Amino acid sequence: MVVEIHVPLLPTPGLPDGAYPFPWTEDVEDFLFALEDQGQVEVFDDGEDDANAYVFFVTGAGEQDLLAVASRVATLPGVPAGTIAVVSNDEAEEFGLGRQVALPLPAL
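Here is what the cut-offs are and how they apply
- Residues numbered from 1 in each chain as written.
- Predicted model: local features only at pLDDT ≥ 70, side-chain atom pairs only at ≥ 80, totals over all residues.
- Heavy atoms only, no water.
- Phe/Tyr/Trp six-rings, centres within 6.5 Å; stacked < 30°, edge-to-face > 60°.
- pLDDT = per-residue confidence, 0-100.
- Helix = DSSP H or I, 4+ residues; strand = E, 2+ residues; numbered from the N terminus.
- Buried < 20%, exposed > 50% of the residue type's maximum accessible area, 1.4 Å probe, protein only.
- Contact = heavy atoms within 4.5 Å.
- Pairing = 2+ DSSP bridges.
- Patch = residues over 30% accessible without salt bridge, like charges linked within 9 Å, V, L, I, M, F, W, Y side chains within 5 Å.
- Areas by Shrake-Rupley, 256 points an atom, 1.4 Å probe, with all protein chains shown as cover.
- Salt bridge = Lys/Arg side-chain N within 4 Å of Asp/Glu carboxyl O.
- Lys, Arg positive; Asp, Glu negative; His and termini not counted.
- Charge placed at Lys NZ, Arg CZ, Asp CG, Glu CD.
- Axes fitted to C-alpha atoms, helices over the stretch in contact; angles between N-to-C directions.

**Observations concerning the packing of aromatic side chains**
Taken as a whole and judged by the stated rule, the model has five aromatic pairs. By the ring-pair criterion, three or more aromatic residues cluster together here, those being Y20, F22, W24, Y54 and F56.

**Quick notes on the confidence of the model for the protein chain**
Per-residue confidence for the protein chain gives a mean pLDDT of 93, with 99% of residues at or over 70. Across the protein chain, the element-wise mean pLDDT spans from 88 in strand β2 (residues 42–50) up to 97 in helix α2 (residues 63–74).

**Describing the environment of D90**
By the secondary structure assignment, D90 is in the loop between β4 (84–88) and β5 (99–102). Residue classification places D90 among the exposed positions, given a relative accessible area of 51%. Along the primary structure D90 and D50 are separated by 40 residues, whereas in three dimensions their C-alpha atoms are 17 Å apart. The residues touching D90, leaving out its near neighbours within four places in the chain, are V2 and F44.

**With respect to the pairing of β4**
Looking along a regular strand, one sees the side chains alternate between the two faces of the sheet. Within β4, four of the five residues are buried, which leaves it mostly tucked inside the rest of the structure. Pairing of strand β1 (residues 2–8) with β4 involves five bridges; the strand directions are antiparallel. Paired with E4 across the two strands is V86, which belongs to β4. Two strands pair when backbone bridges link them, and β4 and β5 are joined in this way by four bridges, in the antiparallel orientation. Considered in β5, the bridge of I84 is made with A102.

**A short note on a negative patch on the surface**
Judged by side-chain charge, D45, D46, E48 and D49 come together as a negatively charged surface patch. Given the relative accessible area of 37%, D45 is considered partly exposed.

**Considerations on the environment of V2**
Tracing the backbone through its elements, the reader meets V2 in strand β1. Given a relative accessible area of 3%, V2 falls into the buried group. Spatially, the C-alpha atoms of V2 and V86 are 8.3 Å apart, while their sequence positions differ by 84 residues. With sequence-adjacent residues up to four places away left out, V2 is seen in contact with F44, F57, V58, T59, V86, V87, S88, N89 and D90.

**Topic: the sheet that holds strand β3 (residues 53–59)**
The strand order across the open sheet built from five strands is β2-β3-β1-β4-β5, with neighbouring strands paired in antiparallel fashion. Pairing within the sheet leaves two strands with one partner each, and these edge strands are β2 and β5. On average, each strand axis in the sheet is inclined to that of its neighbour by 20°, with strand direction left out of account. Across the sheet, helix α1 (residues 23–37) touches β1, β2 and β3, and the angle it forms with β3 is around 0°. Along the sheet face, α2 touches β1, β3, β4 and β5 and points at about 15° away from the line of β1.

The structure is reproduced here in structure tokens:
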């Protein structure tokens, strides 16, 4: 099982001229690699641009845990609204073909 985290590829407003417009991508990668170092998830592949989204991939845990991680990503500072998760697998031929889950998840 792989959960794809699709973040709308929107630039961060108010950045100085010439600044990288998507600094949140690095923040998300740092967050995910920290969780990987703690043994909570595995980062399945490097993040990638896909149409109008930047896609991150996590695996190595059950669906609920992976969706909880995706939900946490959606609420990180600077991450654009509209982030979704797609429950897929490592044999999917394309991104976004699995079941879509709106993020962040409702609090239980």
